[in-house]
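Read off the chains here:
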Amino acid sequence: MSMAYEEYMKQIVKPMREELINANFKELTTTEQVENFLDSVEGTTLVVVNSVCGCAAGLARPAAIEAVQNNSQKPDHLVTVFAGQDKEATAKMREYFVGYEPSSPSMALLKGKEVVHFIPRDDIEDHDVEEIVSNLTSAFNKYL
């Protein structure tokens with residue numbers, strides 16, 4: 001790929017990254033960052049596998065942010081990887097999603113390194129934000 005294309009894509013996805021970063025999600029962009037985070041993590045973590053698609057923009061990111069901001073039970077950690085952009089980091093994170101097919105966007109609630117709740121693209125696409133928020137907050141209230 002050309003440098004011009006890579007720079008173009010960085011600029012295109014910047015607001016998509018910032019939406020979660022501005023909501024206090026830590027962005028993990030390398031395999032080392034994913035490994036270091038998961039090797040030392042304690043407690044619960046919401047992982048958002050971000051994407052450039054419309055269902056990420058209109059549904060997944062807004063739902064994740066709303067669920068975290070408006071629920072009394074909140075995960076200890078909020079992290080995100082970006083599918084299609086930070087490919088190695090996303091692949092490394094997905095190694096921890098044992099039993100779940102790769103899906104983007106998607107969300108996983110972890111206790112330590114174990115997935116206790118997973119929301120694949122199929123449960124995001126063609127659903128409204130309120131349904132996804134309800135799915136997340138039900139998981140928060142059950143596992144946190």
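In what follows, the structure referred to is the one given above.
Description of the structure in this document. (Residues numbered from 1 in each chain as written. Predicted model: local features only at pLDDT ≥ 70, side-chain atom pairs only at ≥ 80, totals over all residues. Heavy atoms only, no water.)

Our focus in this paragraph is the overall build of the chain. Looking only at helices and strands, the chain has 5 helices and 5 strands in total. Going from the N terminus to the C terminus, the chain shows its helices and strands as α-β-α-β-α-β-α-β-β-α. Relative to the globule expectation of 15 Å for 144 residues, the C-alpha radius of gyration of the chain, 14 Å, shows essentially globular dimensions. Principal axes of the C-alpha set define a box for the chain whose edges measure 45 × 35 × 30 Å. Long-range pairs, those at least 24 residues apart, make up 73% of the contacts in the chain between residues at least 6 apart in sequence. Accessible surface, the chain: about 7400 Å² in total, of which carbon and sulfur atoms supply 47%. With 13 positive and 23 negative side-chain charges, the chain shows a spacing of 4 Å between the two charge centroids. (Helix = DSSP H or I, 4+ residues; strand = E, 2+ residues; numbered from the N terminus. Rg over C-alpha atoms; globule rule 2.2 N^0.38 Å. Contact = heavy atoms within 4.5 Å. Areas by Shrake-Rupley, 256 points an atom, 1.4 Å probe, with all protein chains shown as cover. Lys, Arg positive; Asp, Glu negative; His and termini not counted. Charge placed at Lys NZ, Arg CZ, Asp CG, Glu CD.)

On to the layout of surface pockets, then. With a probe scaled to a water molecule rolled over the atoms, the places where space remains empty come into view. When its volume is computed, the largest pocket comes out at roughly 420 Å³. In terms of lining residues, the largest pocket is bounded by 19 residues, among which Glu6, Met9, Lys10, Gly84 and Gln85 are the most central. Examining the composition of the lining of the largest pocket, we find that 9 residues originate from one element, helix H1 (residues 3-21), more than from any other. Looking at the lining of the largest pocket, its residues break down into 6 nonpolar, 5 polar and 8 charged. (1 Å grid on protein atoms, 1.4 Å probe; cavity = no way out; pocket = protein on both sides within 12 Å on 5 of 7 lines; lining within 4 Å. Points joined across faces, edges and corners; volume = space filled by probe spheres on them. Nonpolar A, V, L, I, M, F, W, Y, C, P; charged D, E, K, R; others polar.)

Our next topic: the packing of aromatic side chains. Under the criterion given, the structure shown has 2 aromatic pairs. Through successive ring pairs, a cluster of aromatic residues spans Phe97, Tyr100 and Phe118. (Phe/Tyr/Trp six-rings, centres within 6.5 Å; stacked < 30°, edge-to-face > 60°.)

Along the chain, Arg17 falls in helix H1. Not counting residues within four places of it along the chain, the set of residues in contact with Arg17 comprises Glu27, Thr29, Asn50, Phe82, Gln85 and Asp86.

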